[in-house]
Amino acid sequence: MSDGSRELRAGLWTAAGAFVLWGLTPLYWHLLKAVPSLQIVAHRIVWSTLLVVAWLAWKRGRGWLRATLMQPRLAWMLALSALLIGCNWALYVWAVNAGHVIETSLGYFINPLLNVVIGVLFLRERLSAPQWVSVAMAAAGVLWLTFHYGSFPWIALGLALSFALYGLVRKLAAVESIPGLGVESLYLLLPGLALLLWGETHGQGGFFDGWGATLVALLVVGGALTALPLIGFAYAVRRVPLSVVGVMQYIAPTLQFLLGVFFFQEAFDRDRAIGFAFIWVALAVFAIDGWLRSRRRAVAPVA
């Protein structure tokens, strides 16, 4: 197996793991429903920053930050990606705690379509005819879900756009996944600390007294839950075509929706069933086409 094939396979497995973790996170944030949404976001920022920066200092020494930011354009690109992921976190946690789990899953169904469009229009990636069919069918399913949702899905569109743009910036930023996340985290650290201080002094916090040891531990562990899939995602998008990552991202909203139906007991009516049927058929078309293309490459004679 060539180095390129190993990199691609590693990227595919890493992307799959990241999306599975993201798909299961509603269960975790449900355990923290007693904590205000902004406080959850602030704790995610602070604890993930401490985790990532400590790991980088241990592995690469104190000069990792300067070495990372010495690369051209990287400082402002990571500032932009930090802003995008921070907005995505805040909107997602608020939406889950406010009872909009189905709309958050819709957002992450829309997101891969935006990644495919971005990959084709701006990164000159190309799709085969079956892949175009897959994208069209998935788009039809998302449009059906959107128009039958009952109201303008601004939460879904906000989540989709913020994460699609985050993926594009990290695709273009010439930086490894963990140092990149470390810089992003440092950009968000001061706002995160400010939110925590404001919460503790305005009756919104209870980290030191009020929430109890279990919630405090869950908030701290939430830092790792935040960092690990982001590291995996950033690693994957630099090794896998964005159009492929775009379709793989359906793993996360599918898990979220299944949790919404079977764990949170949310409605799954006929209109939603039709929309999801389009999306699952699209995924099957894309997966079969990818498998056939990989088989053809495997048996092709070496020149």
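Residues numbered from 1 in each chain as written. Predicted model: local features only at pLDDT ≥ 70, side-chain atom pairs only at ≥ 80, totals over all residues. Heavy atoms only, no water.

Looking up the protein chain in an unreviewed UniProt entry gives the name EamA family transporter RarD, with the organism given as Luteimonas salinilitoris. UniProt's Sequence similarities (unreviewed entry) comment on the protein chain is quoted here verbatim: "Belongs to the EamA transporter family." Recorded in UniProt for the protein chain, the comment headed Subcellular location (unreviewed entry) runs: "Cell membrane". (UniProt positions renumbered as here; feature names shortened; annotations may be inferred.)

Membership of the largest hydrophobic core comes to 60 residues, with the highest contact counts inside it found for Phe19, Trp22, Leu32 and Phe233. Once residues lying within four places of it in the same chain are set aside, the contact partners of Phe19 are Phe233, Val245, Met248, Gln249, Ile251 and Ala252. Counting residues in each nonpolar core, the second largest holds 22 residues, with Ile102, Leu106, Val135 and Tyr250 among its members. (Core = buried A, V, L, I, M, F, W, Y, C linked by side-chain atoms within 4.5 Å. Buried < 20%, exposed > 50% of the residue type's maximum accessible area, 1.4 Å probe, protein only. Contact = heavy atoms within 4.5 Å.)

Moving on, we come to the packing of aromatic side chains. Tallied over the full model, the rule gives 15 aromatic pairs. Geometrically, the ring pair formed by Trp22 and Phe233 is edge-to-face, given 5.8 Å between the ring centres and 65° between the ring planes. Here the residue Trp22 occupies a position in helix α1 (residues 3–31), and Phe233 occupies one in helix α9 (residues 213–237), the gap between them amounting to 211 residues. Comparing Trp22 with Phe233, the two get one shared label, buried. Just above the ring of Trp58 sits the side chain of Lys59; from NZ or CZ to the centre is 4.6 Å. (Phe/Tyr/Trp six-rings, centres within 6.5 Å; stacked < 30°, edge-to-face > 60°. Helix = DSSP H or I, 4+ residues; strand = E, 2+ residues; numbered from the N terminus. Lys NZ or Arg CZ within 6 Å of the ring centre and 35° of its normal.)

Right, let's talk about the UniProt feature "domain: EamA" (unreviewed entry) in the protein chain for a bit. On the UniProt side, "domain: EamA" (unreviewed entry) is annotated at positions that read residues 11–146 here. Along residues 11–146, the helical share is 85% and the strand share 0%, with 31 Å between the first and last C-alpha atoms.

Attention shifts here to α9. With 25 residues, α9 extends 37 Å from end C-alpha to end C-alpha; this agrees with the ideal 36 Å at 1.5 Å per step. Along α9, the sharpest kink reaches roughly 25°, centred on Val221. (Expected span 1.5 Å × (residues − 1). Bend = angle between axes of the 7 residues up to and from the residue.)

The next thing to look at is the packing of helix α4 (residues 74–97) against helix α8 (residues 177–201). Direction vectors running N to C along α4 and α8 enclose 70°, while the axes themselves pass 8 Å from each other. Comparing their axes, α8 and α4 come out roughly perpendicular. In this structure, the crossing between α4 and α8 has a hand that is right-handed. Residues Ala75, Leu78, Ala79, Ser81, Ala82, Ile85, Gly86 and Trp89 of α4 form the contact with α8, whose participating residues are Gly180, Val183, Glu184, Tyr187 and Leu188. Its residues placed into classes, the contact of α4 with α8 shows nine nonpolar, three polar and one charged. (Axes fitted to C-alpha atoms, helices over the stretch in contact; angles between N-to-C directions. Parallel < 35°, antiparallel > 145°, perpendicular 65-115°, else oblique. Left-handed = near helix turned anticlockwise from the far one by under 90°. Nonpolar A, V, L, I, M, F, W, Y, C, P; charged D, E, K, R; others polar.)

As a further point, take the confidence of the model for the protein chain. Per-residue confidence for the protein chain gives a mean pLDDT of 85; residues scoring 70 or more make up 95%. Least confident of the elements in the protein chain is helix α10 (residues 242–248), whose mean pLDDT is 74; most confident is α4, at 92. (pLDDT = per-residue confidence, 0-100.)

Structurally, Ala252 can be placed in helix α11 (residues 251–262). Relative accessible area serves as the criterion here: at 5%, Ala252 is assigned to the buried category. On a C-alpha basis, the gap between Ala252 and Ala140 in space is 19 Å, while along the polypeptide they are 112 residues apart.

For residues besides glycine, phi is generally negative; the peptide bonds are generally trans as well. The backbone of Arg124 sits at a positive phi, close to 60°, despite the residue not being glycine. Along the polypeptide, Arg124 turns up in the loop between α5 (101–122) and α6 (129–147). The class of Arg124 is exposed, set by a relative accessible area of 76%.

This part takes up empty space enclosed by the protein. Overall, the coordinates contain two cavities of 30 Å³ or more when judged by the stated rule. Of the volumes computed, that of the largest cavity is approximately 190 Å³. When residues of the lining of the largest cavity are traced back to their parent elements, those giving at least two are α1, α4, α5 and α11. Here the lining of the largest cavity is composed, by residue class, of 10 nonpolar, five polar and one charged. For the second largest cavity, the lining is made up of 10 residues, of which Leu113, Val135, Ala138, Val247 and Tyr250 are closest to its centre. At the level of secondary structure, the elements contributing two or more residues to the lining of the second largest cavity comprise α5, α6 and α10. Residues that form the lining of the second largest cavity fall into these classes: eight nonpolar, two polar and no charged. (1 Å grid on protein atoms, 1.4 Å probe; cavity = no way out; pocket = protein on both sides within 12 Å on 5 of 7 lines; lining within 4 Å. Points joined across faces, edges and corners; volume = space filled by probe spheres on them.)

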